[in-house]
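Chains, contacts and geometry: an overview
Take a look at the letters that make up each chain.
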Amino acid sequence: MSISENQATIPDRLPLLPLKGTVVFPHQVQGLGVGRRKSLQAIEIALERDRLMVLAAQRDDDIEDPRPQDIYATGTVCRVLQVGKQPDGVLQVIVEGVVRATLTAFHQEDPYFEVALEQRPDSTEKSMEMEALMRGLVSQHERYARLSRSIAPDQLVAAAQVEEPGRLADLIAQHISLKLEERQELLEAEPKIRLERLSTILSREIGVLELERKIQGRVRKQMEKSQREYFLKEQIKAIQQELGETDERQTEVSEYRKKIEAAGLPEHVKAKAVEELGRLEKMPPMVAEAVVVRTYLDWILAVPWTARTEDRLDIDEARKILDEDHYGLEKAKDRVIEYLAVRKLSPESRGPILCFVGPPGVGKTSVGKSIARALGRKFVRISLGGVRDEAEIRGHRRTYVGALPGRIVQGMKTAGSRNPVFMLDEIDKLGMDFRGDPSAALLEALDPEQNHAFSDHYMEIALDLSEVMFITTANILETIPPALRDRMEVIRFPGYVEEEKVKIAEQFLIPKQRKANGLTPEQIAFTTEALRTVAREYTREAGVRNLERELGSICRKVATGVARGTTTGERVTRANMHKYLGPPKFRFGAAEMEDEVGVATGLVYTEMGGDIVAVEATLMRGEGKLSLTGQLGDVMKESAQAALSYVRSRAKRYGADEEFYQRTDVHIHVPAGAVPKDGPSAGITMATALASAVSGRPVRRDVAMTGEITLRGRILAIGGLKEKVLAAHRAGLRTVILPKENEKDLQDIPANVRKQVRLVLVDHMDAVLNEALLPQRGQAMPSPAPVAAPPEPFVPPMPPVPIKPERRPPEPQVS
């Protein structure tokens, strides 16, 4: 049909169908889905008439009921070719564009749009410029079709055969993906402008397609390479399986990958493990670095990053377990119960950092195991005695040959959980040299504010130690650096009294030794008096190690008799003790055999606990020199000089010549000579020994004393009071002279010890001498010179002095 025919047959008024998001060009066949009321009515009217209607695009697709101003003024007159109704009520319409048209007026808006139009047929005239534009556009169209591969060959042929410029532009515009505004612009433009605009658009699209093809080619090449490698590897695996061989490297990498996925590692740890696994996969099998990476991966997988044990929060059951394992140690047990109570009320609470301080053998290490059992946690212990290298704590960097993590990470691996009871034994024995200070490395691990991200040089990954319950043990606190000591809660283990030792032997040591030596309760039995005798006369210690050792010796001797058949069982009593252990090793009841002049009994506190020591003083004709022997430290030497100065100032009171020191030498000796000694607490003991030597009055052998002396005779407070009193109690001494300033510390002394030992609190040296010195032999107490009366000794309210045990003749000592 020619243009003139079109113009002759198209009415001036037609129904209007607004379009959403598309433009229909002349000569274009297009399918449409119609569902709006006005649009359906417009199609019905078109079908009733000559099947012609105008299609124009909406300016905004979101408007459901457009007004005339919402519709573009240029559209296309189309012929309805086919109509079909879908199940959902939408009308499927196929139309064919006939000619452009300009909407001149809206005659009707309801129930459908009806508009007046003016046809705009394209001119068929071609100039040379137009011909050149057409040829160039056809060429670009063919190139675009080759790159996009979305245009059918018959459409290419049809475009090449078109002779009319406007129709060529409309045909090509149908096959290009354009925005609505660009399509509307082409619909409104004249043929020449349309051809130029299309040429610009095609040049842009061809450039984009060429770049896209270039990118796709590069990606395809990479994929082909990866696929080729994959296929080759699969072929190698298949060949190896057929030959019965395996690729050890791939098998190893695959196993590591499975372990990493199954380990449930935190994200940052998993990322590090995958990174190292990638390095291992790329390394040749025999490279030395591969061994380092394997070891590192093994450690990452071995450390318990997420595994933990559930705490036993039954407080009564935990207390029962603690009491089953240990006798006494109330402070340590109470602290564990407090932690459990807090943990029960606040599950997010951090683990405490405890430091058990006490002499050897009092149960510091074993109570740590008991705590772990009571809490239901894993227990791990490392000994820090003699450790001098910081790398022992933090590990070595992986650049070193044979590098390994530090002891803390190793301990966590051994525990297998992130919340064990972790015991650092002998923390006071840490050393320091040119390789670093291990105690400084412990500061981070033992600081609750920092140990949530503990850094190990080998692992290079932050390890969370905030749920670990750290327990450290030490014999003395003085050698622990102040910064480290400040991070720990100190619990003192003072040592056991005699009754506690007997109970421990009955409940724990004897059953243990019976089992160790294959004996039954019928084959060996101990009386209470026998156990008390072993504790008194065969051991002198704060703990129970030597006691267990002596009991083990008795059990072995009985086991020998049972094995030989010479006995079926033994009852160990006080009377037959010498049969198993020989003569007594220690004298119980007094430090000295008799009251002597110039010998006083003092109390000392060492890392082995409390102990008694004899201080000897003697006078010789000389020139007033003072000799001090017994490996005394500077502080103890100064205490001896202060004691001598005080005695010289009171010489007349003690019945001595005030000028005696000018023609007399003084020698003070503190046995044993091979043991170093220091500290000010022996001041009153040395003053008492000197006063006894000067006055000739004996010192009571059943009295022990401790305290620092000043030149004025004042008695100052001392440390380690509880351990010293327990040492006097173990030695059988029943009177102990203490500084009055230490009265506040008496509550730490067990009640049964306070009942059996008379504690005399003094604040002046004169009161000490009144309590400790006896009259000269054969004479009554001499009247003192008329001087100011010394303060009376203060005796705390305690039961009266118990009846002294019957004194037996001394046993012969083994040389």
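These numbers come from a predicted model, not from an experiment.

Before going further, it helps to spend a moment on the sheet that holds strand E11 (residues 489-492). Taken in spatial order, the five strands make up an open sheet running E8-E9-E10-E7-E11, and their pairing is parallel. Each edge of the open sheet carries a strand with a single partner, namely strand E8 (379-383) and E11. When strand polarity is set aside, the average angle formed by the axes of neighbouring strands in this sheet is 20 degrees. Direction of pairing for E8 relative to strand E9 (residues 421-425): parallel, over a ladder of five bridges. Within E9, the residue paired with Arg-381 across the bridge is Met-423.

Glancing now at empty space enclosed by the protein. What the rule picks out here adds up to three cavities of 30 Å³ or more. Here the largest cavity is characterised by a volume of approximately 60 Å³. Contributing to the lining of the largest cavity are Glu-498, Lys-501, Ala-535, Arg-536, Thr-539, Arg-540, Glu-541 and Arg-730. Residue assignment for the lining of the largest cavity shows that the elements contributing at least two residues are helix H18 (498-516) and helix H19 (528-538).

In this structure, Ile-300, Trp-305, Ile-427, Leu-442, Leu-446 and Leu-465 are the most contacted members of the largest nonpolar core, which totals 51 residues. Of the residues forming this core, the biggest block, six residues, is contributed by helix H10 (residues 288-302). Once you skip the residues sitting within four places of it in the chain, Leu-442 turns out to touch Leu-384, Ile-393, Ile-408, Leu-424, Ile-427, Leu-430 and Leu-484.

Our focus in this paragraph is the packing of helix H11 (residues 315-325) against helix H12 (residues 330-345). The N-to-C vectors of H11 and H12 enclose an angle of 155 degrees; their axes lie 10 Å apart at closest approach. As the angle between them shows, H11 and H12 are arranged roughly antiparallel. Our pair here, H11 against H12, has a crossing hand that is right-handed. Only Glu-330, Lys-333, Asp-334, Val-336, Ile-337, Leu-340 and Ala-341 of H12 make contact with H11, whose side of the interface consists of Ile-315, Ala-318, Arg-319, Leu-322 and Asp-323.

This part is about helix H20 (residues 545-564). Taking 1.5 Å of rise per residue, the 20 residues of H20 would be expected to cover 28 Å, and the 29 Å separating its terminal C-alpha atoms lies within 8% of that figure. Taken as a whole, H20 has its buried residues at Leu-547, Glu-548, Glu-550, Leu-551, Gly-552, Ser-553, Ile-554, Cys-555, Val-558, Ala-559 and Gly-561. Gly-565 sits one or two positions beyond H20 and adopts a positive phi of about 85 degrees.

The element strand E21 (residues 735-739) is extensively covered by neighbouring structure, given that five of its five residues are classed as buried. Bridging between strand E18 (residues 703-705) and E21 involves three bridges; their strand directions are parallel. The partner of Val-703 across the bridge, within E21, is Thr-735. The pairing of E21 with strand E22 (residues 758-762) spans five bridges and is parallel. Bridge pairing in E22 places Pro-739 opposite Val-762. Running through helix H25 (residues 751-756), the crossover from E21 to the neighbouring parallel element E22 is right-handed.

Parameters and conventions
Residues numbered from 1 in each chain as written. Predicted model: local features only at pLDDT ≥ 70, side-chain atom pairs only at ≥ 80, totals over all residues. Heavy atoms only, no water. Pairing = 2+ DSSP bridges. Helix = DSSP H or I, 4+ residues; strand = E, 2+ residues; numbered from the N terminus. Axes fitted to C-alpha atoms, helices over the stretch in contact; angles between N-to-C directions. 1 Å grid on protein atoms, 1.4 Å probe; cavity = no way out; pocket = protein on both sides within 12 Å on 5 of 7 lines; lining within 4 Å. Points joined across faces, edges and corners; volume = space filled by probe spheres on them. Core = buried A, V, L, I, M, F, W, Y, C linked by side-chain atoms within 4.5 Å. Buried < 20%, exposed > 50% of the residue type's maximum accessible area, 1.4 Å probe, protein only. Contact = heavy atoms within 4.5 Å. Parallel < 35°, antiparallel > 145°, perpendicular 65-115°, else oblique. Left-handed = near helix turned anticlockwise from the far one by under 90°. Expected span 1.5 Å × (residues − 1). Right-handed = clockwise from strand over helix to strand, strands pointing away.

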